[in-house]
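A structural walkthrough
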Amino acid sequence: AALHRSRGHLVKALPLNRESVAILRRQGELVPLARALNNLSQTLTDLGDLASAELVLQESLRLKETRTVDRPALARGYLQLAELRMLRNDRRGVLGKLREAVGHARLVGDAVTVARCEFNTAELLRRSGETRAAHQRLLSARRLARSIPHWSKDPSRVSWIAKIEA
């Protein structure tokens, strides 16, 4: 599914994502199930089914909050939820989710997630007309992005660093 998604073959990725979720549910494997739900949510987001993507992501977050101890994934899950709500122009709780993501990301030393949260917070503030505060958050995101080693092999993270620095 991840290979199809990375190549833009979303229609092929979707049933494979759903099959992964079904298999992991039957097996009771909670950590991989939470990740598989995340992947399904990302595919649904890419397909434009934002309402379904949020429902699936909420289930993943509930698992991470109550049944697993995967703090890095929890941080990225809160970030993903905030970004999804931004795509839906639904600001309810976005800043709170970004704060939660930052808190968890800082605990595990995930500077890329912190930088993305700062970047998204800047965008929210800009949309609200709070340009001075938005500028400060953007500068913070850029400082963080510049401090992150570019040897990361995760293409998603490398592209976010480039976006923040632009």
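Residues numbered from 1 in each chain as written. Predicted model: local features only at pLDDT ≥ 70, side-chain atom pairs only at ≥ 80, totals over all residues. Heavy atoms only, no water.

Some points on the packing of helix α5 (residues 71-87) against helix α6 (residues 94-107)
- Two elements in contact, α5 and α6, have axes separated by 8 Å at closest approach and are oriented at 155 degrees. As far as their axial angle goes, α6 and α5 are roughly antiparallel. Handedness of the crossing formed by α5 with α6: left-handed. Here Arg71, Leu74, Ala75, Tyr78, Leu79, Leu81, Ala82, Arg85 and Met86 of α5 come into contact with α6, specifically with Val94, Lys97, Leu98, Glu100, Ala101, His104, Ala105 and Leu107.
- Taken together, the residues that form the contact of α5 with α6 break down as 12 nonpolar, 1 polar and 4 charged. (Axes fitted to C-alpha atoms, helices over the stretch in contact; angles between N-to-C directions. Helix = DSSP H or I, 4+ residues; strand = E, 2+ residues; numbered from the N terminus. Parallel < 35°, antiparallel > 145°, perpendicular 65-115°, else oblique. Left-handed = near helix turned anticlockwise from the far one by under 90°. Contact = heavy atoms within 4.5 Å. Nonpolar A, V, L, I, M, F, W, Y, C, P; charged D, E, K, R; others polar.)

Considerations on the pattern of salt bridges
- Throughout the structure, instances matching the rule amount to 11 salt bridges.
- As a salt-bridge pair, Arg76 and Asp110 come within 3.8 Å of each other at their nearest N and O atoms. Here Asp110 lies in the loop between α6 and α7 (111-127) and Arg76 lies in helix α5, a separation of 34 residues in the sequence.
- Each of Glu54, Arg85 and Arg88 takes part in a single network of salt bridges with overlapping partners. (Salt bridge = Lys/Arg side-chain N within 4 Å of Asp/Glu carboxyl O.)

Focus on α6
- In this model, α6 (14 residues) spans 20 Å end to end at C-alpha, consistent with the 20 Å of a helix rising 1.5 Å per residue.
- In the core, the buried residues of α6 are packed alongside α5 and α7.
- Phi for Gly109, located one or two positions after α6, is positive at around 75 degrees. (Expected span 1.5 Å × (residues − 1).)

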